[in-house]
Amino acid sequence: QVQLMETGGGSVQTGGSLRLSCAASGYSISNKYMGWFRQAPGKEREGVASIYTGNSGTYYHNSVKGRFTISQDSAEKTVYLQMDSLKPEDTAMYFCAASDKKYGLSLESSAYDYWGQGTQVTVSS
């Protein structure tokens, strides 16, 4: 059974940093497309970052470029999201996702097959 477990969320002030982790069990993340998404109350889920674990290629939403970094440790079956210079508008539930498809780097929810339960990030001004 595939499980993705997100950890590392919390509450920080504007300008602070958090590092989210997504640990996979029952699933190899080698040569897979992995993504981080977020959903704020009353808003649709949006993709923020994607990585191809085969070559560590990455793709980011414009709103997080230069502030967020997605990375991976395939041996540990873990994907990370380093979030720096956080803003109140980054407040959301953050989800990890994994894809068995070969669509390429994508920030579309439909490109992903497996999802974690999410971890809350709250940024106060």
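Coordinates for the structure precede this section.
For the structure given in this document, a descriptive report is provided here. Note that this is a predicted model, so its numbers are computed, not measured.

Parameters and conventions
- Residues numbered from 1 in each chain as written.
- Predicted model: local features only at pLDDT ≥ 70, side-chain atom pairs only at ≥ 80, totals over all residues.
- Heavy atoms only, no water.
- Buried < 20%, exposed > 50% of the residue type's maximum accessible area, 1.4 Å probe, protein only.
- Helix = DSSP H or I, 4+ residues; strand = E, 2+ residues; numbered from the N terminus.
- Pairing = 2+ DSSP bridges.
- Salt bridge = Lys/Arg side-chain N within 4 Å of Asp/Glu carboxyl O.

### Digging into the pairing of strand S11 (residues 119-124)
Burial along S11 is one-sided: the face carrying Thr 119, Val 121 and Val 123 is buried and the face carrying Gln 120, Thr 122 and Ser 124 is not. As paired elements, strand S2 (residues 10-13) and S11 share four bridges and run parallel to each other. Bridge pairing links Gln 13 to Ser 124 in S11. Pairing of strand S9 (residues 92-99) with S11 involves three bridges; the strand directions are antiparallel. Residue pairing across strands places Tyr 94 opposite Thr 119, the latter belonging to S11.

### A short note on unusual backbone geometry
One non-glycine residue with positive phi stands out, namely Asn 31, at about 55 degrees. Mapped onto the fold, Asn 31 is located in the loop between strand S3 (18-25) and strand S4 (33-39). Here Lys 77, not a glycine, exhibits a phi torsion of approximately 55 degrees, which is positive.

### Remarks on the pattern of salt bridges
All chains considered together, the criterion is met by five salt bridges. A salt bridge links Asp 100 to Lys 32, with the shortest nitrogen-to-oxygen separation between them at 3.6 Å. With Asp 100 in the loop between S9 and strand S10 (114-115) and Lys 32 in the loop between S3 and S4, this pair connects stretches of sequence that are 68 residues apart. With a closest N to O distance of 2.5 Å, Lys 101 and Asp 113 form a salt bridge. Here Asp 113 lies in the loop between S9 and S10 and Lys 101 lies in the loop between S9 and S10, a separation of 12 residues in the sequence. Of the residues examined, Lys 101 reaches a relative accessible area of 22% and is grouped as partly exposed.

Without other data, these values stay purely geometric and don't point to any function.
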